[in-house]
Amino acid sequence: MTLPVRPRRLRQTAAVRRLVAEHRLDPAQLVLPMFVREGIDEPRPMQSMPGVLHHSIDSLRRAAAEAAEAGVGGVMLFGVPEHRDGIGSGATDPDGVLNAATRAVAAEVGDAIVVQTDLCLDEFTDHGHCGVLAADGSVDNDATLLRYREMALAQAEAGSQLLGLSGMMDGQVAAVREVLDAAGRSDVLLLGYAAKYASALYGPFREAVESTLQGDRRTYQLDPANRREGLREAVLDVEQGADVVMVKPASFYLDVLSDVAAASPVPVWAYQVSGEYAMIEAAGRNGWIDRDRTILESLTSIRRAGADAVLTYWAVEVAGWLRSR
Ligand code: PBG
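Keep in mind it's a predicted model, so treat the numbers as computed, not measured.

Cut-off values and rules
Residues numbered from 1 in each chain as written. Predicted model: local features only at pLDDT ≥ 70, side-chain atom pairs only at ≥ 80, totals over all residues. Heavy atoms only, no water. Helix = DSSP H or I, 4+ residues; strand = E, 2+ residues; numbered from the N terminus. Rg over C-alpha atoms; globule rule 2.2 N^0.38 Å. Buried < 20%, exposed > 50% of the residue type's maximum accessible area, 1.4 Å probe, protein only. Contact = heavy atoms within 4.5 Å. Areas by Shrake-Rupley, 256 points an atom, 1.4 Å probe, with all protein chains shown as cover. Lys, Arg positive; Asp, Glu negative; His and termini not counted. Charge placed at Lys NZ, Arg CZ, Asp CG, Glu CD. Polar contact = N/O pair within 3.5 Å; in protein donor to acceptor, adjacent residues only side chain to side chain. Patch = residues over 30% accessible without salt bridge, like charges linked within 9 Å, V, L, I, M, F, W, Y side chains within 5 Å. Salt bridge = Lys/Arg side-chain N within 4 Å of Asp/Glu carboxyl O. Phe/Tyr/Trp six-rings, centres within 6.5 Å; stacked < 30°, edge-to-face > 60°. Expected span 1.5 Å × (residues − 1). Axes fitted to C-alpha atoms, helices over the stretch in contact; angles between N-to-C directions. Parallel < 35°, antiparallel > 145°, perpendicular 65-115°, else oblique. Left-handed = near helix turned anticlockwise from the far one by under 90°. Nonpolar A, V, L, I, M, F, W, Y, C, P; charged D, E, K, R; others polar. Near = heavy atom within 4 Å.

Caption draft 1: Representation of the overall build of the chain in the model. Of regular secondary structure, the chain possesses 11 helices and 10 strands. On C-alpha atoms alone, the chain measures out to a radius of gyration of 20 Å, which is about the 20 Å that the 2.2 N^0.38 rule sets for 325 residues. Dimensions along the principal axes, computed over C-alpha positions, put the chain at roughly 75 × 45 × 40 Å. A total of 325 residues make up the chain; the buried ones form 51% of that total. Considering only contacts in the chain between residues 6 or more positions apart, those separated by 24 or more positions represent 74%. As displayed, the chain offers around 14900 Å² of accessible surface, 50% of which is attributable to carbon and sulfur atoms. Considering the chain, the positive charge centre built from 32 side chains and the negative charge centre built from 45 side chains are found 12 Å apart.

Caption draft 2: Structural detail: the environment of R37. For R37, the position within the fold is in strand β1 (residues 30-37). Distance from R37 to L98, taken between C-alpha atoms, is 8.4 Å for residues 61 residues apart in sequence. Among the polar contacts listed, one links the side chain of R37 to the side chain of E210, at a separation of 2.8 Å.

Caption draft 3: Structural detail: a nonpolar patch on the surface. Taken together, the side chains of L10, L19 and V20 define a hydrophobic patch exposed on the protein surface, amounting to about 310 Å² of accessible area. Along the chain, L19 turns up in helix α1 (residues 14-20).

Caption draft 4: Region of the structure containing the pattern of salt bridges. Scanning the model with the defined rule gives 16 salt bridges in all. Ionic pairing is found between D243 and R177, a salt bridge with its closest N-O pair at 3.7 Å. Here D243 is found in the loop between α7 (228-239) and β8 (244-248), whereas its partner R177 is found in helix α5 (residues 172-182), with 66 residues between them in sequence. For R177, a relative accessible area of 12% gives the class buried. The residue E317 makes a salt bridge to R291 at a minimum N-O spacing of 2.8 Å. Remark: R291 occurs in helix α10 (residues 291-304) and E317 occurs in helix α11 (residues 315-323); sequence separation between them is 26 residues.

Caption draft 5: Quick look at the packing of aromatic side chains. Going through the model one piece at a time under the given rule, you end up with 9 aromatic pairs. Relative to F205, the ring of F78 lies with its centre 5.1 Å away and its plane at 75°, an arrangement referred to as edge-to-face. One end of the pair, F78, is in strand β4 (residues 74-80); the other, F205, is in helix α6 (residues 203-208), and 127 residues separate them in sequence. Taking relative accessible area as the criterion, F78 reaches 2% and is therefore assigned buried. Of the residues examined, F205 reaches a relative accessible area of 11% and is grouped as buried. Consider the rings of Y197 and Y253, whose centres lie 4.4 Å apart with planes at 20°: the pair is stacked.

Caption draft 6: Layout of helix α9 (residues 274-285). With 12 residues, α9 extends 16 Å from end C-alpha to end C-alpha; this agrees with the ideal 16 Å at 1.5 Å per step. Most of α9 is tucked away: 9 of the 12 residues are buried. For α9, the complete set of buried residues consists of S274, G275, E276, Y277, A278, I280, E281, A283 and G284. A positive phi of about 75° marks G287, the residue just after α9.

Caption draft 7: Spatial organisation of the packing of helix α4 (residues 141-158) against α5. The contact between α4 and α5 brings their axes to 9 Å, and the two run at 50°. In terms of orientation, α4 and α5 fall into the oblique class. Two packed elements cross with a definite hand, and for α4 against α5 that hand is right-handed. Contacts from L145, Y148, R149, A152, L153 and A156 in α4 reach Q172, A175, V176, E178, V179 and L180 in α5. Taken together, the residues of the contact of α4 with α5 sort by class into 9 nonpolar, 1 polar and 2 charged.

Caption draft 8: Seen up close, the side chain of T144. For T144, the position within the fold is in helix α4. Look past the residues within four positions of T144 in its chain and what remains in contact with it is L121, C130, G131, V132, V139 and M169.

Caption draft 9: Up close: the site of the ligand. The ligand sits among 18 residues. The nearest are R206, Q221, K248, S274 and Y313. Between the ligand and the protein, one listed contact pairs a nitrogen atom with a side-chain N or O atom of D122 at 2.8 Å. If the ligand stood free it would expose 400 Å²; the protein chains cover 100% of that surface. Of the residues contributing to the shell around the ligand, the split by class is 8 nonpolar, 3 polar and 7 charged.

Here's what the structure looks like:
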């Protein structure tokens, strides 16, 4: 048989396959999302996300140090406060749980890892929306931007090096950049959750943060039907000065991720969200799929589609696998 073109030559041994692999995972490209909960002394498991913990400030500090030790690139902190109100006061209180925890983590890990915080009001509002409400009950975009600006200053002051703007308000990147720069904090990085879709895959996270949301976020998060709009949002965030843009969720939105990666002049990250985590964990626990291989394949796919880094609840575990390989 004369067959001059034989692609299988490149697949014949593990050594050749390793040499020609187009994409690789590296611990430094993984970011660990973490939850800190007010009013607990010991870490507590979460029902909706087996293997993920609610931390006390002290256990969060230790776990962040372990993440740094494992070589992951960063931690993204989320706060679960005891009390909530209409404007999310806890988000801007320097002693609010997220700000206090950020201070503790920043002091612990220094420059070993990038300390990042979620900049959104939903965990802090009693209505559970990502912004403040107008009299008619709708989410008031521009009034919310004023709260985001206050929150940005509080988080930067607490020691966050990168603010994750996840609220999907129009103009949020520009609004926050402006106030930080005016305060002399042009050093603080901004991650625009540019293409954040109104996804059912946030379900376990909402349980984790004990979300009080009634209704949904479809007036601000993107419609899963729209691909072009994801790119548009990313372009707008870049124009407003985002240092990094995000696509979220990851696995169901690889087309959007690929579009954004092709067009973006800044790094592109993807968030493998709680529902993606939960589905793989559940099938793995049932013996229906090979959990570890599926995790690696999911992360490789997200990288292949164009993500420079990935937020994943498996960051520390996967970093351990990669380092022992
Ligand atoms: C909003 C926010 C959400 C997630 C992180 N930040 C989702 C939402 O409720 O709209 C979801 C993360 C996940 O599901 O893992 N601040």
